[in-house]
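Chains, contacts and geometry: an overview
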Amino acid sequence: MVAAVGYRVGPGAGASASGRGLVRRRRRRWVRITAFGVTGLLVAAGGIGWAVYAKLSGNITPDEAAAAELARYDRERPTSLVKDARNILLIGSDSREGSGNARYGRDSGTERSDTTILLHLSAGRDNATAVSIPRDLMVNLPGCRRPNGSRSAPRFAMFNQAFQLGGSACTIRTVEKLTDIRVDHHVVVDFHGFKEMVDAVDGVEVCLRQPIDDRAAKLRLPAGRVTLDGEQALGYVRARKSLGDGSDTERMERQQRFLGALVNKVRSNDVLLNPAKLYPVLDAATSSLTTDPELANLRGLYALVRGLRDIPMEQVQFLTVPRESYAYDANRDQLVEPAAKRLFERLRTDKPVAVEDNGPRDGSHGDSHPGPFRDPAVTVSPPPTFRGNTAAEDTCE
């Protein structure tokens, strides 16, 4: 008995003549140490991950005032017709607040929408269509709540005055009345945020068919392939007088091509698969955004864009709403009908449209593409074609 007890508690306790017991005991101890170490690393990593998530989510500014205003008019807003299809209004503000923005003009204390794009994501997430709305388009503006709490009277005016009068809520209501399309989400970004996004992806390549020397835009670039940094990119998408025919229509087309190139850059493996590059992109993107409350966190944004990764670049389309010079002022725009109505109807019902670069300059479209053979018994109508481009196009080719 004593011997037995002494055997159990002695120096060789648990060991056999071959030493297998000692090996098992050391192995168990190593497993415990390893487990504690791994647990510690996971806790630390989880803490870092949560800190990053919290910071990026906290960067986004929720547009609570717009949400309250839109809720006030919810009964008069259009109804969404197709489940899972989404319409997002992207608003580029001309605010001079923020680092370096004052150089783009005097701050009058008001903001207007420098660029407005209605982005339609199909229900199946197999295509995306971005429609630019001219800032000089003459439209009916609803009565809107001003920043000081008073309300403006309904009026017929330029589209970009909606943002000046009542911010994003007034712009959304104007777009919905114009298109009869329900805006599900909205995103507002200013000059500074745009520049930060471009710099975060190490610039965006564009192709210039001729040199640019624009003092007003503070832009001087050679012809050919050029990688623009944030400052240059902002001048490039905003310039009018020295590029092309000086029209706002051509400026919007330039913006669309640039956005296509930006989408290509962000979706490239060099950015999405490189955490060192992805984090600055996310930080810059979220820091520059004011969105509806539902999107004002990483989870909301991810839920919206997670299906976009599989959309082929040729199915990411950019076009300008069919427009022409306003009948009473050549410096203003009006819609081309029935082309505009047909475009809005197809987006509202989640039906495809097509774009081509050599379409009519006024933005109108043809209803079909005649092929080499057409069976009269087959009544398949191709989608209407509008002047525009896709993210897959190379402007140098």
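Residues numbered from 1 in each chain as written. Predicted model: local features only at pLDDT ≥ 70, side-chain atom pairs only at ≥ 80, totals over all residues. Heavy atoms only, no water.

1. Regarding the pairing of strand β8 (residues 204-208)
Taken residue by residue, a regular strand's side chains alternate between the two faces of the sheet. In terms of residue burial, β8 counts as a mostly covered element, since four of its five residues are buried. Both β8 and strand β11 (residues 224-228) contribute to a ladder of five bridges, which runs antiparallel. Directly across from V206, in β11, lies its bridge partner V226. (Buried < 20%, exposed > 50% of the residue type's maximum accessible area, 1.4 Å probe, protein only. Helix = DSSP H or I, 4+ residues; strand = E, 2+ residues; numbered from the N terminus. Pairing = 2+ DSSP bridges.)

2. Considerations on the side chain of D136
Relative to the helices and strands, D136 resides in the loop between β4 (128-132) and β5 (138-141). Take D136: its relative accessible area is 11%, and that puts it in the buried class. Discounting chain neighbours no more than four positions away, the residues touching D136 are M158, R240, N331, R332 and D333. (Contact = heavy atoms within 4.5 Å.)

3. Re unusual backbone geometry
Note: most residues except glycine have negative phi, and most peptide bonds are trans. Cis rather than trans, the peptide bond between E337 and P338 has omega equal to 10°. With respect to the element layout, P338 can be found in the loop between β15 (329-335) and α11 (339-348). A positive phi angle, close to 60°, is found at D180, a residue other than glycine. Position of D180 relative to the elements: it lies in the loop between α4 (161-179) and β7 (185-189).

4. Here's the deal with the pairing of β15
Of the strand pairs in this sheet, strand β14 (residues 323-326) and β15 are connected by four bridges, and their pairing is antiparallel. Opposite S325, over in β15, you have D333 as the bridge partner. Hairpin connection, β14 to β15: the antiparallel pair is bridged by two residues.

5. Comments concerning the packing of helix α5 (residues 191-200) against helix α6 (residues 230-238)
Orientation of α5 relative to α6, taken along the N-to-C sense of each, is 125°, at an axis distance of 8 Å. Of the possible angle classes, the one that applies to α5 and α6 is oblique. The handedness of the crossing between α5 and α6 is right-handed. The residues of α6 that touch α5, namely those facing F191, F194, K195, V198 and D199, are G230, E231, A233, L234, V237 and R238. Here the contact of α5 with α6 is built from residues that sort into six nonpolar, one polar and four charged. (Axes fitted to C-alpha atoms, helices over the stretch in contact; angles between N-to-C directions. Parallel < 35°, antiparallel > 145°, perpendicular 65-115°, else oblique. Left-handed = near helix turned anticlockwise from the far one by under 90°. Nonpolar A, V, L, I, M, F, W, Y, C, P; charged D, E, K, R; others polar.)

6. Quick look at α6
What α6 keeps buried is the set G230, A233, L234, G235, Y236 and V237. Elements that come into contact with the buried residues of α6 comprise α5, β8, β9 (212-214), β10 (219-221), β11 and α7 (248-267). Its side-chain oxygen at 3.2 Å from the backbone nitrogen of E231, D229 defines the N-terminal cap of α6. (Polar contact = N/O pair within 3.5 Å; in protein donor to acceptor, adjacent residues only side chain to side chain.)

7. Some details on the side chain of R77
Position of R77 relative to the elements: it lies in the loop between α3 (64-72) and β2 (86-93). Judged by relative accessible area, which is 12%, R77 ranks as buried. Polar side-chain contacts of R77 include one of 3.0 Å to the backbone oxygen of V183. Those residues in contact with R77 that lie beyond four places of it in its chain are L70, I172, E176, R182 and V183.

8. Looking at the pattern of salt bridges
Summed over the entire model, instances satisfying the criterion amount to 13 salt bridges. Linking E76 and R173 is a salt bridge whose minimum nitrogen-to-oxygen distance equals 3.1 Å. With E76 in the loop between α3 and β2 and R173 in helix α4, this residue pair connects regions lying 97 residues apart in the sequence. For R387, the salt bridge goes to E253, with nearest N and O atoms at 2.7 Å. A residue pair is termed long-range when its members are at least 10 positions apart, and R387 in strand β17 (residues 385-390) and E253 in helix α7 qualify at 134 residues. Linked through salt bridges whose partners overlap, the residues forming this network are E76, R173 and K177. (Salt bridge = Lys/Arg side-chain N within 4 Å of Asp/Glu carboxyl O.)

9. Digging into the confidence of the model for the protein
Chain-level statistics for the protein give a pLDDT mean of 78 and a share of 73% at 70 or above. Helix α1 (residues 2-9) is the least confidently modelled element of the protein, averaging 36 in pLDDT, while β5 averages 97, the highest of any element. Under a pLDDT of 50 for its full length, residues 101-110 has, in the predicted model, 20 contacts with residues more than four places off or in other chains. Low confidence marks residues 359-378, where pLDDT is under 50. Its contacts with residues over four positions away, or in another chain, come to 30 contacts. (pLDDT = per-residue confidence, 0-100.)

10. A look at α7
Over its 20 residues, α7 extends 28 Å from the first C-alpha to the last, a length consistent with the 28 Å expected when each residue adds 1.5 Å. Among all positions of α7, only D248, T249, R251, M252, E253, R254, Q255, Q256, F258, G260 and L262 are buried. (Expected span 1.5 Å × (residues − 1).)

11. Comments concerning the packing of aromatic side chains
Under the defined criterion, the tally for this structure stands at four aromatic pairs. When the ring of Y236 is compared with that of F258, the centres are 6.4 Å apart and the planes differ by 55°; the resulting orientation is tilted. On the criterion of sequence distance, the pair formed by Y236 in helix α6 and F258 in helix α7 is long-range, its members being 22 residues apart. The exposure class assigned to Y236 is buried, which follows from its relative accessible area of 9%. Seen from their ring centres, Y326 and Y328 are 5.5 Å apart, and the 70° between their planes marks the pair as edge-to-face. Through successive ring pairs, a cluster of aromatic residues spans F156, Y326 and Y328. The lysine or arginine in question, R173, covers the ring of Y73, its NZ or CZ lying 3.6 Å from the ring centre. Across from the ring centre of Y236, 5.7 Å away, lies the NZ or CZ of R254, which sits over that ring. (Phe/Tyr/Trp six-rings, centres within 6.5 Å; stacked < 30°, edge-to-face > 60°. Lys NZ or Arg CZ within 6 Å of the ring centre and 35° of its normal.)

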